[in-house]
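Listed below are the residues making up each chain.
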Amino acid sequence: MSESAPQPLRIGILGAARITGRALVAPARSGGHRLVAVAARDRSRAEAFAAAHGVERTHGSYAELLADPEVEVVYNPLANGLHGPWNLAALTAGKHVLTEKPSASNADEAREVREAAATSGTVFMEAFHYLFHPVTRRLHELLASGELGELRHAEAMVAIPAPEPDDPRWSLRLAGGALMDLGCYGLHALRMLAPWAGGAPRVAAARAGERAGAPGVDEWLDADVAFPGGATATARCHMAYEGLEMSLRVIGTRGEATAPNFVLPQMDDRVVVRTAAGERTEHLGTRSSYAYQLEAFAARVRRGTPVRLDAADAVETMGMVDACYEAAGLGPRPRTQR
């Protein structure tokens, strides 16, 4: 007898953020999951979002959505500073949580989220979707196979053109900044190299430039990272760049490999490998990294399949984010009240 198909996830969405269309709605539709409800502080926005994306119903507040018994999974794409408070509220309400990165405003808040996840017994996952795509898996395979030799250096660069001046990513009160929005990808990607670098990395130094008119908010930040095994790395981010760059390069004693766009590999699925044998370009597929992510999350919820992006992993990433801000003289992001 064949095993019955797992039940679709019943998802509730906090807010009507633009990222939700590609990050959740499209993967949910292709995966057969239900979009049960959406809530926004302006109900008309929730209604417009529901009509555009086929969400079953709307709520006039986030609290109402968390009280909806039919919602079992909460997707949190709110402004950075609202991730922590509403992740805590969703976990306390007994919901599974898929949260946009970063999971909290700082490491202290991330630790509270970790404790709430442990108490609730539900699934918590931070949406570092890049990790599930074959592009990133291939970089790890190249290191594991020994083709690149021992890891000596890595470089991550995540940069975008500037958002509008009133964008919440420029708000210190809402835990904005280039590192929070972009650089966390680079730091996380470097953390994932630990198996080939003798252990977890530490921040050795960092430099940042503040956004004009937004004291304390980093327009760009560069961090130097060191691994226990002697390898080094840089994590650079810029939120007012001349174009889009989201590259990851790993350099070993026998060769190197570069993913030109590891964050959004559906836009560029290349991995370029250079060794003494020559140069080759591998194409790993343009299926959305968000689709791979939701599959992994659903497997965790329905079958208990392990994922690396749990609440404990989120604490480690936020610890590195805080260390970068402290090294750059800006200080960790403040908490935001919901």
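In what follows, the structure referred to is the one given above.
Residues numbered from 1 in each chain as written. Predicted model: local features only at pLDDT ≥ 70, side-chain atom pairs only at ≥ 80, totals over all residues. Heavy atoms only, no water.

## With respect to the side chain of H153
Among the structural elements, H153 can be located in strand 7 (residues 151–159). Among the polar contacts listed, one links the side chain of H153 to the side chain of E155, at a separation of 3.4 Å. A distance of 2.8 Å separates a polar atom in the side chain of H153 from a polar atom in the side chain of T232. (Helix = DSSP H or I, 4+ residues; strand = E, 2+ residues; numbered from the N terminus. Polar contact = N/O pair within 3.5 Å; in protein donor to acceptor, adjacent residues only side chain to side chain.)

## Focus: empty space enclosed by the protein
Scanning the model with the defined rule gives one cavity of 30 Å³ or more in all. Each pocket or cavity is described by its volume, and for the largest cavity that value is around 40 Å³. Lining the largest cavity, in full, are L179, G183, G186, L187, L221, A223, A235, R236, C237 and C324. For the lining of the largest cavity, the secondary structure elements donating two or more residues are helix 7 (178–191), strand 9 (214–226) and strand 10 (232–238). The element contributing the most residues to the lining of the largest cavity is helix 7, with four residues. (1 Å grid on protein atoms, 1.4 Å probe; cavity = no way out; pocket = protein on both sides within 12 Å on 5 of 7 lines; lining within 4 Å. Points joined across faces, edges and corners; volume = space filled by probe spheres on them.)

## Examining the nonpolar core
I11, F262 and F297 are the most contacted members of the largest nonpolar core, which totals 90 residues. For this core, the element with the highest residue contribution is helix 7, accounting for nine residues. Once residues lying within four places of it in the same chain are set aside, the contact partners of F262 are Y130, T136, V158, Y185, G186, A189, M246, S247 and L248. By size, the runner-up hydrophobic cluster in this structure holds 23 residues, among which are V36, L88, A90 and V113. (Core = buried A, V, L, I, M, F, W, Y, C linked by side-chain atoms within 4.5 Å. Buried < 20%, exposed > 50% of the residue type's maximum accessible area, 1.4 Å probe, protein only. Contact = heavy atoms within 4.5 Å.)

## Things to note about the sheet that holds strand 6 (residues 124–126)
A sheet is described by the order of its strands in space; here six strands give the open sequence 3-2-1-4-5-6, paired in parallel fashion. Each of the sheet's edge strands pairs with one partner strand only, and the pair in question is strand 3 (57–59) and strand 6. Within this sheet the neighbouring strands show an average axis-to-axis angle of 20°, counted without direction. As defined by bridge partners, strand 5 (residues 96–99) adjoins strand 6 across three bridges and the pair is classed as parallel. Within the sheet, the bridge partner assigned to V97 lies in strand 6 and is F124. Those strands touched by helix 2 (residues 43–53) are strand 1 (10–14), strand 2 (34–39) and strand 3, and its axis lies near 160° from that of strand 3. Of the strands in this sheet, strand 1, strand 4 (73–76), strand 5 and strand 6 touch helix 8 (residues 289–303), which is tilted by about 160° from strand 5. (Pairing = 2+ DSSP bridges. Axes fitted to C-alpha atoms, helices over the stretch in contact; angles between N-to-C directions.)

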